[in-house]
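# Fold and contact review
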Amino acid sequence: MKCIRIGYGHVAEWHEKKLTEEDVTTIGVIDIDENKRKLALEAGFQVFSSYEEAFKLKPDFWDICVSTDFHLDILQTIRSLDFHANIIVEKPICHFFQINTLKKVLENFPGKIVVNENYVSSNVTKNVREISTSLNLKPTRIISEMSKNRTADIRKGRFLDQEFFAFGYEGSHMITNILELGEEYFPAEIKNPHYGDMHITMPNGKICLPKQGRVEKKYISKSGAEVILYTSMAGDIKYYYPGPFSFFDKIVEDNNTRYRILAVEDEKKCMAVVGFYEPVPGLNRGEGTVVVFEKGDIKEYIAPIYDDTMGLSLKNAIHYFLEKRDNPCTVDMAIEIVELFHLLKR
Ligand SMILES: NC(=O)c1ccc[n+]([C@@H]2O[C@H](COP(=O)([O-])OP(=O)(O)OC[C@H]3O[C@@H](n4cnc5c(N)ncnc54)[C@H](O)[C@@H]3O)[C@@H](O)[C@H]2O)c1
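Since the model is a prediction, treat every value here as computed from it, not as a measurement. (Residues numbered from 1 in each chain as written. Predicted model: local features only at pLDDT ≥ 70, side-chain atom pairs only at ≥ 80, totals over all residues. Heavy atoms only, no water.)

### What to know about the nonpolar core
Keep this limit in mind: For this analysis, a nonpolar core means a set of buried residues of the types Ala, Val, Leu, Ile, Met, Phe, Trp, Tyr and Cys, connected via side-chain atoms within 4.5 Å. Accessibility here uses a 1.4 Å probe with only protein chains present; expressed as a share of the type maximum, an area under 20% marks a residue as buried, one over 50% as exposed, and anything in between as partly exposed. By the criteria applied, helices consist of DSSP H or I runs no shorter than four residues and strands consist of E runs no shorter than two, each listed in order from the N terminus. Here a residue-residue contact requires only that any non-hydrogen atoms of the pair lie within 4.5 Å.
Residues Val128, Ile142, Phe167, Ile175, Ile178 and Leu229 are the most contacted members of the largest nonpolar core, which totals 41 residues. In terms of residues, this core owes the most to one element, helix 8 (residues 167–181), which gives 7 residues. In contact with Leu229, other than residues within four places in its own chain, are Ser144, Phe167, Met174, Ile175, Ile178, Val215, Glu216, Lys217 and Leu344. Ile30, Leu75, Leu106 and Cys329 belong to the second largest nonpolar core, which has 32 residues in total.

Now the structure itself:
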């Protein structure tokens, strides 16, 4: 298949790698930034200054990798030009305040749109859901934790989210994993969140970044289960489960160690099913594991589980365009994630 890529930044690089593995050829790149266009040319891509020019090459699909602010405008442009277009658009599909306009723009659009909410395609999440169901668990508590020590990144000048604070980085992935467990885990009663500041030692002294250190969001779901979303940018692990990680409560300041889990607990049965997302110690990149606990002991250990979510998500999108499967993440599913993200904003 042939694609036109819009946006030549960080995520575009992953798309190029993963889509090449699916026999996709990028026949052109569009980017508003002159330096990015220069880089694309140097990498051997044809660069277009207009969508009309790119459309003449009859792409099989368009791959939108630009900043979220512009997803809506670009979807509108493509729709007006290529009425039956196939489109991959990065997550989130749009901002909360754009949802109504997005719905209008896409009304009666016959093309195919896949939103790259990559955790929708996670095999670890799928295993957690299927194993919990097969064990007939009635979840009393569900925990999604995604923690990483980003101190070094921040020292180097990493972008800081001043709207969603610590929740802005992994929040939508955590929400996606919870929603993949079932609609019954949508919130019924939201509790007050707890934020922690980030303290970083710089050459000229210590600085404090308000609400950037960690956040814990809790709610009672429609099913009655308590749902906890926790993330720490300072690398402070809160919900440790035994399994692939030997006990630790602080993630070292490197680029590879992350602690990303999804736990489904049934207090009455004294059981828990816990998914560990990659990278997992002792496994290759792109491999995760699921551990089943009964009365605190490990009952089952499933590893490795192939879980390169970015690769899986893009592969599923291509298979959908080729009519080999259903849509892995529709616009409606993506809107639901944006709505829940907004609901949990405070
Ligand atoms: N699925 C994931 O896990 C994941 C991870 C990171 C980023 N993302 C998403 O990917 C998108 C891009 O993020 P990124 O980190 O690659 O950003 P980035 O800033 O590195 O790259 C964005 C690129 O788009 C270009 N651009 C911006 N507006 C444009 C426009 N109107 N027309 C053409 N080009 C334009 C910029 O010049 C830049 O080159 C965001 O929506 C982000 O949320 C998803």
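### A few points about the pairing of strand 12 (residues 271–276)
Rules: In short, DSSP must find at least two bridges between two strands for them to pair.
Of all 6 residues in strand 12, 6 are buried, a share of seventy percent or more. Every second residue of strand 12 is oriented toward a common face, with Met271, Val273 and Gly275 on one face and Ala272, Val274 and Phe276 on the other, all of them buried. Turn length for the strand 11 (residues 258–266)-strand 12 hairpin, with the two strands adjacent in sequence and antiparallel, is 4 residues, and the turn residue Cys270 shows positive phi of about 60 degrees. Two elements, strand 12 and strand 13 (residues 287–294), share 6 bridges in a ladder whose sense is antiparallel. Residue Val273 lies in a different strand from strand 13, and its bridge partner there is Val292.

### Describing the packing of aromatic side chains
The condition is simple: Put simply, two rings from Phe, Tyr or Trp (the six-membered ring, in Trp's case) pair if the centres are within 6.5 Å, and we call them stacked under 30 degrees between planes, edge-to-face over 60, tilted for the rest.
Applying the stated criterion across every chain yields a total of 16 aromatic pairs. Ring plane angle 70 degrees and centroid distance 5.9 Å describe the contact between Tyr8 and Phe45, whose orientation is recorded as edge-to-face. Of the two residues, Tyr8 is situated in the loop between strand 1 (2–6) and helix 1 (10–20) and Phe45 in the loop between helix 2 (34–42) and helix 3 (51–55); the sequence distance between them amounts to 37 residues. The burial state of Tyr8 is the same as that of Phe45; both residues are buried. Geometrically, the ring pair formed by Tyr241 and Phe293 is tilted, given 6.2 Å between the ring centres and 40 degrees between the ring planes.

### Structural notes on the domain arrangement of the protein
Quick reminder of the rule: Marked domain ranges trace back to an automatic or database domain assignment.
When cut into domains, the protein gives domain 1 (2–116 + 311–325) and domain 2 (123–306). Just the C-alpha atoms count here: the centres of domain 1 and domain 2 sit 30 Å apart.

### Some points on the side chain of Gln212
Just so we agree on the cut-off: Polar contact criterion, stated in full: a pair of N or O atoms within 3.5 Å, where within protein one must be able to donate a hydrogen and the other to accept it, and residues adjacent in sequence count only if both atoms are side-chain atoms.
With respect to the secondary-structure elements, Gln212 resides in strand 9 (residues 205–221). By relative accessible area, which is 1% here, Gln212 ends up buried. In this structure the side chain of Gln212 is engaged in a polar contact, spanning 2.9 Å, whose partner is the backbone oxygen of Asp161. Aside from chain neighbours lying at most four places away, what touches Gln212 is Leu160, Asp161, Gln162, Phe165, Ala166, Tyr169, Gly196, Asp197, Met198 and Met233.

### A look at the site of the ligand
Here is the rule: Nearness is judged by heavy atoms alone; a residue qualifies as near a molecule or strand once a single heavy atom is within 4 Å of it. Note on areas: Shrake-Rupley, 1.4 Å probe, and residue coverage restricted to the protein chains presented here.
Neighbouring the ligand are 24 residues; His10, Val11, Asp31, Thr68 and Lys91 lie closest to it. At a separation of 2.8 Å, an oxygen atom of the ligand approaches a polar backbone atom of Val11. Between Glu90 and the ligand, the recorded distance is 3.0 Å, taken from a side-chain N or O atom to a nitrogen atom. Coverage of the ligand by the protein chains reaches 80% of its 850 Å² of free accessible surface.

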